[in-house]
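This is what each chain is made of:
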Amino acid sequence: MIAPLRPVIRAVTYTRWLHLVTAAVVATVFAFVTPGLGNVNSPAGAWLLVVPLPFLAVAAMIPGVRLSEGMQAQLLLFPAGREGPEPHVTPARSASWTDRRRTAMWLVVRYETGVATAFLSVHAPTLAVKLISGAAGDGAVRTPLWTAGPGHWPSAVLGLLVPVLFLAFVVLAGELQARAARALLGPSAAERLAALEERTERLLEHNRLARELHDSVGHALTVAVVQAGAARAAGSPAFTEQALAAIEETGRHALEDLERVLAVLREDAPGPAAGRPSLTDVERLLTAARGSGAAVTADVTGALEAVPGPVSREGYRIAQEALTNVVRHAGPVPVSLRIAVRADALELDIRNPLPGAGSAGGAVSGGGSGLRGIRERAALLGGHAETGVHEGTWRVRAVLPLGA
């Protein structure tokens, strides 16, 4: 019972009605200044639907008109955001000729629909009263579509039906007006695509920063925990001092990375790449891993300085995550790190013996966010990464094109 009446009892129906009726102000002005247009019951009155259109087209060329129309539509067609979570219109000044053209189309649609609504808002109640009065015997009823003598009871039925039809028209016209606003005052297809691309870039940047934090802070915490445990077990003041120095250095670098990432997140813009570590800082990783008890041997072929910045930085993070996994899951075992700078690609190969049965299996299973991050980093640069068992060892191998 309530469902058919819901459009009539919604407040938005009447704010849209107000938005439609206010468009008739333009028609009123032209009716006053142009002889004959004020008589809407004559053929000359039909020109009221045509004469103002060129003036509306000219007004649409003013950039501020689109802003004004957008604000009105936002307040009256979609009040308080009750019509959905997404913004339907974007109140803004016209920034291109496409915006001006769409604004002109909107002004025409609003004007024509508004004049029709204003006309019916005045004449529908008058017609209803005339029909009901005629049915009550107050005189004959003569309309362009209906003629009846006094006391003709069907006139009363028609008189009661007129307000119902008028309200249905108001609901339909308001919905059409709202759809026109979405299409003509909302973002264009190109603007929506640009916004989507910007959002995608922002999400990709945030995803990269999440990997940065995982690799940097995770590496620092792993090294600190392992070295603290080794220092306590060793009971040697010299080893304890060495472990504390390594923990301090690793923690300092992790704090630098954390501050840089947080600064980027606060500004919501890509951060400078200069502060990010690259393969030229790989000795830092080797020192931290060796301080954790791992016997790391490194074989570097080619000039690391010649590796392009993005490839070098991602290569550093891949090596960092691989060494962190060794320390975390395999413990103090021999590790071989090979970095080869070829003419067309950078190759990283990190191997260690398989952990024993009592060790955590995260590194052997090939799962986990760290190993997935390694593969994602390589894929984003157009390369590939392999993680898994190889010839009796656990191997992480990544090939990154230098042209990336």
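Residues numbered from 1 in each chain as written. Predicted model: local features only at pLDDT ≥ 70, side-chain atom pairs only at ≥ 80, totals over all residues. Heavy atoms only, no water.

The condition is simple: UniProt positions are given in the numbering used here, feature names are shortened, and annotations may be inferred rather than shown by experiment.
As recorded in an unreviewed UniProt entry, the chain goes by histidine kinase and comes from Streptomyces roseoverticillatus. We quote the UniProt Catalytic activity (unreviewed entry) comment for the chain here in full: "ATP + protein L-histidine = ADP + protein N-phospho-L-histidine."

### A word on the overall build of the chain
Heads up, the condition is: Elements are defined by DSSP. Helices are runs of H or I of four residues or more, strands are runs of E of two residues or more, and each kind is numbered from the N terminus. The cut-offs for exposure are 20% and 50% of the maximum accessible area for each residue type, with area from a 1.4 Å probe on protein chains only; residues under the lower value are buried, those over the upper are exposed, and the others partly exposed. Two residues qualify as a contact provided that any one of their heavy atoms is within 4.5 Å of a heavy atom in the partner residue. The Shrake-Rupley method, run with a 1.4 Å probe sphere, supplies the accessible areas, and residue values consider only the shown protein chains as cover.
Secondary structure assignment for the chain yields 13 helices and 7 strands. Relative to its 404 residues, the chain shows a buried fraction of 39%. For the chain, restricting intrachain contacts to residue pairs at least 6 apart in sequence, the fraction spanning at least 24 positions comes to 70%. Accessible area for the chain stands at about 21100 Å²; split by element, carbon and sulfur atoms hold 66% of it.

### Regarding the side chain of Arg395
Applied cut-off: Definition of a polar contact: a pair of N or O atoms within 3.5 Å, with one able to donate and the other able to accept a hydrogen when the atoms are protein atoms, and with sequence-neighbouring residues admitted only if both atoms are side-chain atoms.
By the element assignment, Arg395 lies in strand E7 (residues 393-401). One polar contact links Arg395 to Glu386, side chain to side chain, over a distance of 3.1 Å. Setting aside residues no more than four positions away along its own chain, Arg395 makes contact with Asp349, Ile350, Arg351, Glu386, Thr387, Gly388 and His390.

### Let's talk about the packing of aromatic side chains
This is how it is decided: Between the rings of Phe, Tyr and Trp (Trp by its six-membered ring), a pair exists once the centres lie within 6.5 Å; its type follows the angle of the planes, with under 30 degrees stacked, over 60 edge-to-face, and the other angles tilted. Note on criteria: charge over ring means Lys NZ or Arg CZ within 6 Å of the ring centre, with the direction from the centre no more than 35 degrees off the ring normal.
Per the stated rule, a full pass over the model turns up 3 aromatic pairs. Between Trp17 and Phe166, the aromatic rings sit 5.4 Å apart at their centres with planes inclined by 70 degrees, giving edge-to-face as the arrangement. Highlighted residues: Trp17 in helix H2 (residues 11-22) and Phe166 in helix H7 (residues 154-184), separated in sequence by 149 residues. Classification of Trp17 by relative accessible area gives partly exposed; the value is 23%. A relative accessible area of 10% means that Phe166 is categorised as buried. Chaining the aromatic ring pairs together yields one cluster made of Tyr14, Trp17 and Phe166. Stacked on the ring of Trp97, the Lys or Arg Arg100 has its end atom at 4.7 Å from the ring centre.

### Structural notes on the nonpolar core
Soluble globular proteins: nonpolar side chains tend toward being buried together. Heads up, the rule is: Working definition of a nonpolar core: buried Ala, Val, Leu, Ile, Met, Phe, Trp, Tyr and Cys residues. They are joined through side-chain atoms within 4.5 Å.
Within the largest apolar cluster, 35 residues are counted, with the highest numbers of intra-cluster contacts made by Leu279, Val335, Ile339, Leu346, Ile350 and Leu400. Put simply, the parts of the chain that give this core at least two residues each are helix H10 (282-291), helix H11 (309-330), strand E4 (334-341), strand E5 (345-353), helix H13 (369-380) and E7. Here this core takes 8 residues from H11, the largest share from any one element. Counting 20 residues, the second-largest nonpolar core is a separate cluster that includes Val65, Ala73, Ala104 and Val115.

### A closer look at a nonpolar patch on the surface
This is how the line gets drawn: Residues form patches when they are more than 30% accessible in relative terms and have no salt bridge. Like charges link within 9 Å. Nonpolar side chains (Val, Leu, Ile, Met, Phe, Trp, Tyr) link within 5 Å. The term salt bridge refers to a side-chain nitrogen of Lys or Arg lying within 4 Å of a carboxyl oxygen of Asp or Glu.
Where nonpolar side chains cluster on the molecular surface, the patch consists of Val25, Val29, Phe32 and Val33 and spans about 450 Å² of accessible area. Mapped onto the fold, Val29 is located in helix H3 (residues 24-33).

### Looking at H10
The set of residues buried in H10 consists of Val282, Leu285, Leu286, Ala288, Ala289 and Gly291. Gly293, located one to two residues past H10, shows a positive phi value of around 105 degrees.

### Examining the confidence of the model for the chain
Note the threshold: The predictor reports its confidence for every residue as pLDDT, a score running from 0 up to 100.
This prediction gives the chain a mean pLDDT of 79; 77% of its residues lie at or above 70. Confidence over residues 81-86 falls short of pLDDT 50; this stretch has 7 contacts with residues more than four positions distant or in other chains. Residue range residues 357-366 is modelled with pLDDT below 50. Its contacts to residues more than four positions away, or to other chains, number 16 contacts.

### Examining unusual backbone geometry
A negative phi angle is the norm for most residues apart from glycine, just as the trans form is the norm for most peptide bonds. With a phi close to 50 degrees, Glu391 is a non-glycine residue in the positive phi region. In this structure, Glu391 sits in the loop between strand E6 (384-390) and E7.

### Structural notes on the pairing of E6
Operational definition: One bridge is not enough; two strands pair if DSSP finds at least two bridges between them.
With 7 bridges joining them, E6 and E7 adopt antiparallel strand pairing. Within E7, the position partnered with Glu386 by the bridge is Arg397. The antiparallel hairpin formed by E6 and E7 contains 2 residues in its connecting segment, where Glu391 sits at a positive phi of about 50 degrees.

### What about the environment of Ala303?
The topology assignment puts Ala303 in the loop between strand E3 (295-301) and H11. We classify Ala303 as partly exposed; its relative accessible area is 39%. Along the primary structure Ala303 and Val341 are separated by 38 residues, whereas in three dimensions their C-alpha atoms are 6.7 Å apart.

### Examining the environment of Ser94
Of note, Ser94 is situated in the loop between helix H5 (63-76) and helix H6 (97-135). Sequence-wise, Ser94 and Ile62 are 32 residues apart; in three dimensions their C-alpha atoms are separated by 7.6 Å. If sequence neighbours within four positions are ignored, Ser94 has contacts with Pro63, Arg66, Asp99, Arg100 and Thr103.

### Digging into the side chain of Thr117
Structurally, Thr117 can be placed in helix H6. We classify Thr117 as buried; its relative accessible area is 0%.

### So, H11
Spelled out, the test is: To estimate the expected span of a helix, subtract one from its residue number and multiply by 1.5 Å.
Look at H11: 31 Å from first C-alpha to last across 22 residues, which is about the 32 Å you get at 1.5 Å a residue. With its phi angle positive at about 85 degrees, Gly331 sits one or two positions after the end of H11.

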